[in-house]
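Observations on the model geometry
So the chains spell out like this:
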There are 2 protein chains.
Amino acid sequence: MKTMSTMLKANDLAVTAQRAAVMEFLHGNTDHPSVDTIYKRVKKRFPYISRATVYNTVKTLTRAGLLQEVLVQQDKTRVDSNVSRHHHFKCLRCGRIEDVPYDILTAKHVGEHAKSYHVEEVRVVMEGRCKQCR
Amino acid sequence: MKTMSTMLKANDLAVTAQRAAVMEFLHGNTDHPSVDTIYKRVKKRFPYISRATVYNTVKTLTRAGLLQEVLVQQDKTRVDSNVSRHHHFKCLRCGRIEDVPYDILTAKHVGEHAKSYHVEEVRVVMEGRCKQCR
DNA sequence: CATATGAATTAGAATAGTTCTAAACTTAGA
DNA sequence: TCTAAGTTTAGAACTATTCTAATTCATATG
């Protein structure tokens, strides 16, 4: 199994206790925590950790492809350690964010998913280059 | 044709000059302006308009189904006067946000769209009730 | 294994977007 | 016209995020 420090080294990133702690907290955590949640949680082990460090770490690890920042609400960034291609489902009542398989994109799968999850809204955002910017 | 005041009345909303001005600015505007953009633009005609009024108006009109708040980036809300079911395309270079037909959701259409637009990323967010909250 | 250098961390200030507040004003209905 | 409820206003407050400058740390090299 890959240790946090192995993964950091593999990406040419300095191995620091804070980075490893953030990664460890996120590892296997499937509930897409906000930066503040990560900060509060890691703070228990590193009382002097700064919010800026968590922001920096998330940005750095995201650039290295080890994390993903998920856009599910406009106010707060949510962090996902599942970097495979997938989408998201957000519960309008409890706020839970779940991963959803990528092939949901076919109408057939959307229909099935909608049936089992009570999907009320599907939001698709595409990014790329528009005609003028190609 | 529907006037702004007609639409407001039809939704049981008081007709105020500020509301009508915000609606008029948005009407036929397809570039998904931010609240700040709306504020600055409407300010030209109503120098004393407050940011809070624009926020309130956007929220009120959204609740009435006359506007839509679009989630394309985490920092700023973008407003869309097209309230029909559709998705969005964001250009990574110029930032332009374009409307995209709803039936893009079938894999076939995604493929076609991707071809003509250089789509680099497709983000889907579903909202509804999760298994525990049904 | 000591050390120099660049990178990372820290606390707190600064910034941006948004919401809140309380007073003044406007709308719509009686 | 008058009144009550709803709306607008300026600015304070709040939240998420970025910036800053000083300090500390990781690691490559000798």
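Quick caveat, the model's predicted, so the values are computed rather than measured. (Residues numbered from 1 in each chain as written. Chains lettered and ligands numbered in written order. Predicted model: local features only at pLDDT ≥ 70, side-chain atom pairs only at ≥ 80, totals over all residues. Heavy atoms only, no water.)

Looking at the relation of the copies chain A and chain B
Each copy of the sequence occupies a distinct position, and chain A is placed on chain B by a rotation of 180° and an axial shift of 0.0 Å, giving an RMSD of 0.1 Å. On this basis, the relationship between the two copies can be described by a two-fold rotation axis. Mapped onto chain B, 100% of the interface residues of chain A again fall at the interface, so both copies present the same surface. (Least-squares fit on C-alpha atoms with pLDDT ≥ 70 in both. Contact = heavy atoms within 4.5 Å.)

Brief notes about helix H4 (residues 51-63) of chain B
All names here are of chain B. An ideal rise of 1.5 Å per residue puts 18 Å on 13 residues; H4 measures up with 18 Å between its terminal C-alpha atoms. Every buried residue belonging to H4 is among Val54, Thr57, Val58, Thr60 and Leu61, and all of these are buried. Residues of H4 that are buried sit in contact with helix H1 (4-10), helix H2 (17-26), helix H3 (35-43), strand S1 (68-70) and strand S2 (78-80). Regarding H4, its N-cap is serine 50, as a side-chain oxygen of that residue lies 3.0 Å from the backbone nitrogen of alanine 52 further along. After H4 finishes, the residue glycine 65 shows a positive phi value of roughly 80°. (Helix = DSSP H or I, 4+ residues; strand = E, 2+ residues; numbered from the N terminus. Expected span 1.5 Å × (residues − 1). Buried < 20%, exposed > 50% of the residue type's maximum accessible area, 1.4 Å probe, protein only. Polar contact = N/O pair within 3.5 Å; in protein donor to acceptor, adjacent residues only side chain to side chain.)

Notes on the interface of chain A and chain B
Of the residues lining the interface, 44 residues belong to chain A; the matching set on chain B comes to 44 residues. Where chain A abuts chain B, roughly 4,800 Å² becomes buried across the two surfaces, and 55% of that area is made up of carbon and sulfur atoms. Contact with chain B buries area across many residues of chain A, yet Leu71, Met126 and Glu127 of chain A alone supply 19% of it, more than any other trio. Where chain A touches chain B, the interface holds two salt bridges. With its nearest N and O atoms 3.0 Å apart, the salt bridge here joins glutamate 127 of chain A to arginine 123 of chain B. There are eight residue pairs in polar contact (both at pLDDT 80 or more) connecting chain A and chain B. Top contributing element to the side of chain A that touches chain B by residue count: strand S5 (residues 119-128) of chain A, with 10 residues. Class assignment of the residues belonging to the side of chain A that touches chain B gives a composition of 20 nonpolar, 11 polar and 13 charged. (Buried area = accessible area lost by both parts, 1.4 Å probe. Salt bridge = Lys/Arg side-chain N within 4 Å of Asp/Glu carboxyl O. Nonpolar A, V, L, I, M, F, W, Y, C, P; charged D, E, K, R; others polar.)

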